[in-house]
Amino acid sequence: MTTHVKGQEWLKGVKLLSVLLAVLIWLSVIAERRGEMLLTVPVGLDRMPPGLQLDGSAPAEVEVVVSGPSILLFLLPFHQTRCGIDLAGAQPGQQLVSLKEAEFNLDQEIKVVHVAPATATLVLTAKEK
């Protein structure tokens, strides 16, 4: 009688292990599927040349559509994402900046698909002393 009870407990353990493995395989397949997500991210001006200032305003936010593995997209809202516009080497005057080529601090597997607005016009002037 004791071997019969032990055999049933062993079968319950195998069934539980089978269910756990099936769930893990399902989660790994779902996590690797690619998806898209719309984000609204703040815009920052990086490396402003000394002696220049922004005349007017820059866009405060942009809408970005990103593509990548679902698990990374799921975690993205917890990441401090921003659109960094590099102004190193900028000259006084009107600058037309492509926001698609701006720096988004994203994982390498996440790609920027679309940015709205696609460009920003910045006017830089010399600082008054």
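What comes next is a walk through the structure. (Residues numbered from 1 in each chain as written. Predicted model: local features only at pLDDT ≥ 70, side-chain atom pairs only at ≥ 80, totals over all residues. Heavy atoms only, no water.)

### Some points on unusual backbone geometry
No. 1: At the junction of A116 and P117, the peptide bond is cis and its omega measures out at 0° in the coordinates.
No. 2: Here P117 lies in the loop between strand 7 (111–116) and strand 8 (119–126).
No. 3: Its identity as a non-glycine residue notwithstanding, R47 has a phi of 55°, on the positive side.
No. 4: Tracing the sequence through the fold places R47 in the loop between strand 1 (34–46) and strand 2 (52–54). (Helix = DSSP H or I, 4+ residues; strand = E, 2+ residues; numbered from the N terminus.)

### Some remarks on the side chain of S67
No. 1: Position of S67 among the secondary structure elements: in strand 3 (residues 61–69).
No. 2: Overall, S67 belongs to the buried group, its relative accessible area being 14%.
No. 3: Those residues in contact with S67 that lie beyond four places of it in its chain are R34, G35, E36, E109, I110, K111 and V113. (Buried < 20%, exposed > 50% of the residue type's maximum accessible area, 1.4 Å probe, protein only. Contact = heavy atoms within 4.5 Å.)

### Observations concerning the nonpolar core
Grouped burial of nonpolar side chains is what soluble globular proteins tend to show.
No. 1: Residues V62, V66, C83 and F104 are the most contacted members of the largest nonpolar core, which totals 23 residues.
No. 2: Counting only elements with at least two residues in this core, the list comes to strand 1, strand 3, strand 4 (83–86) and strand 8.
No. 3: When near neighbours in sequence (up to four residues on either side) are disregarded, C83 contacts V41, P42, V43, G44, V62, L99, A102, E103 and F104. (Core = buried A, V, L, I, M, F, W, Y, C linked by side-chain atoms within 4.5 Å.)

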